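One-letter residues, chain by chain:
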Amino acid sequence: MITENSGVPEIASTVYEEVKKVKVMPKVNIIVTGKTGVGKSTMINAIFGSRMTDTGIGKPVTDNIQMLSDDRIPVKIYDTVGLELDAGKQVKSTDDICGLIEKKRETGKGEEYIHAVWYCVNSGSKRFEDFEADFVRELKSKYRVPVFVILTQCYAKKKAAELANYIEEATAIKPTAILAEDYETDAGIIPAYGLDALIEKTTASIPELMRDSLITAQRINLELKIDLAKKIVAQTQVAAAAAGFAPVPGVSDALLIIPAQISMIARITKVFGFPFDKAAVTAIVGSFVGTSGATVAGRAIVSNLLKCIPGVGTIAGGAISAATAAALTGVMGSAYIAAVRAMYETLSDGDFENSGLIAKTLADNIKIVMSKADIK
Ligand SMILES: Nc1nc2c(ncn2[C@@H]2O[C@H](COP(=O)(O)OP(=O)(O)OP(=O)(O)O)[C@@H](O)[C@H]2O)c(=O)[nH]1
Ligand SMILES: [Mg+2]
């Protein structure tokens, strides 16, 4: 149990045990298909990070379908070998995809189902073929899977608009225009765009249980991650308010809410996809302690959080109301989200694997946020 006199190492150990208990999320299952070379792999990389295509390579499901998955990411991508021009192969490929959807549905387990199909079309192609339109319509109406038509490599928006109109007429689906990677032209660089909208649309049309998985797995839409983190804070505030009512003799009430806050930090960390090893945990706990000294970290955490709540001051005898318990938790949650946000925007693809860098940057950011009283 964490007491007034607990030090950073002791609290960090407790946190670390708590982190290990955080439930593994179910994997959201997405089929990515379209003709060869449209940019499927480039898009998967941009959305989920290179580790998805580097380390997740290679489990053949059929001749035409490969499953990409990585233990650390709650998503399974079924990457299909391009739908070829040859009519025989087209039929084989589309049959394979429909077969996979049916097979997964037959399991009767919602977590196993295919939750979305991303159908990619190169925005530079002259036409959207009839067989493509038929296939997309069939996925939608017969197989009842949310289907998104994606116009890839969209650096010439005007030209792409014509194709988009044609596709919408043929399928009744408004395509999402994307450029997964910056595109270099003689006139300058066209920055990547559109993937955040794709993630937002997809998230909105999959079952709620899978929504958190997709938000966690993707790295493109930071706002969705922040919203999910805020939801976790709100849930924890309810739990903390309840703990505020259940006094334990000899222990400050304020300390009783720390375990709930600990699992809050752990859950939020997972949403952002950071490695959370012991060193990172120790750095995070240490940064909430501030400068007051690591030997009495328990008390220091609480008094640091209290500083940020106007009108509360110190707590006599450690008794806190449910409202204060919720407020303390809110401060810790908001501080952590602010610190993560500041860091997230500066990270590049490979940095996510660098737990030393993550630990240090996060700890520094928490200190900065906590030193300003106006945490929102
Ligand atoms: N700059 C830029 N290049 C892209 C983009 N999308 C695709 N490309 C390029 O287009 C080529 C094909 O992209 P891939 O992602 O390999 O296409 P694919 O659909 O996975 O191809 P297959 O797996 O062979 O079916 C590569 O050279 C990419 O670099 C993009 O958004 N921006
Ligand atoms: Mg590919």
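Residues numbered from 1 in each chain as written. Chains lettered and ligands numbered in written order. Predicted model: local features only at pLDDT ≥ 70, side-chain atom pairs only at ≥ 80, totals over all residues. Heavy atoms only, no water.

Draft legend 1. Local environment of helix H15 (residues 355-371). Taking 1.5 Å of rise per residue, the 17 residues of H15 would be expected to cover 24 Å, and the 24 Å separating its terminal C-alpha atoms lies within 8% of that figure. For H15, the complete set of buried residues consists of Ile-358, Ala-359, Leu-362, Ala-363, Asn-365, Ile-366, Val-369 and Met-370. Considering only its buried residues, H15 is in contact with helix H12 (278-289), helix H13 (297-307) and helix H14 (322-344). (Helix = DSSP H or I, 4+ residues; strand = E, 2+ residues; numbered from the N terminus. Expected span 1.5 Å × (residues − 1). Buried < 20%, exposed > 50% of the residue type's maximum accessible area, 1.4 Å probe, protein only. Contact = heavy atoms within 4.5 Å.)

Draft legend 2. Broad picture of the packing of helix H2 (residues 40-48) against helix H7 (residues 195-204). It is at 11 Å that the axes of H2 and H7 come closest, and there the two elements cross at 80 degrees. When the axis of H2 is compared with that of H7, the two are roughly perpendicular. Facing H2, whose interface residues are Met-43, Ala-46 and Ile-47, H7 presents Leu-195, Leu-198 and Ile-199. Classifying every residue of the contact of H2 with H7 gives 6 nonpolar, no polar and no charged. (Axes fitted to C-alpha atoms, helices over the stretch in contact; angles between N-to-C directions. Parallel < 35°, antiparallel > 145°, perpendicular 65-115°, else oblique. Nonpolar A, V, L, I, M, F, W, Y, C, P; charged D, E, K, R; others polar.)

Draft legend 3. Representation of the pattern of salt bridges. According to the stated counting rule, one finds 13 salt bridges in the structure shown. Among the ionic pairs, Lys-360 bridges to Asp-364, the shortest N-O distance being 2.5 Å. Residue Lys-360 and its partner Asp-364 are both found in helix H15; the two are separated by 4 residues, about one turn of the helix. Take Lys-360: its relative accessible area is 52%, and that puts it in the exposed class. By relative accessible area, which is 29% here, Asp-364 ends up partly exposed. Ionic contacts of the salt-bridge type, sharing partners, join the residues Lys-35, Glu-129 and Glu-132 into one network. (Salt bridge = Lys/Arg side-chain N within 4 Å of Asp/Glu carboxyl O.)

Draft legend 4. Examining the sheet that holds strand E3 (residues 65-70) more closely. Pairing within the open sheet is mixed, and its 7 strands lie in the order E2-E3-E4-E1-E5-E6-E7. With one partner strand each, in any of the chains shown, strand E2 (59-60) and strand E7 (176-177) form the two edges of the open sheet. By the bridge criterion, 6 bridges tie E3 to strand E4 (residues 73-80) in an arrangement that is antiparallel. Bridge pairing in E4 links Ser-69 to Lys-76. Running at roughly 165 degrees to strand E5 (residues 116-122), helix H5 (residues 130-141) makes contact with strand E1 (28-34), E5 and strand E6 (147-152) of the sheet. Here helix H8 (residues 208-217) sits on the sheet in contact with E1 and E4, set at roughly 85 degrees to E4. (Pairing = 2+ DSSP bridges.)

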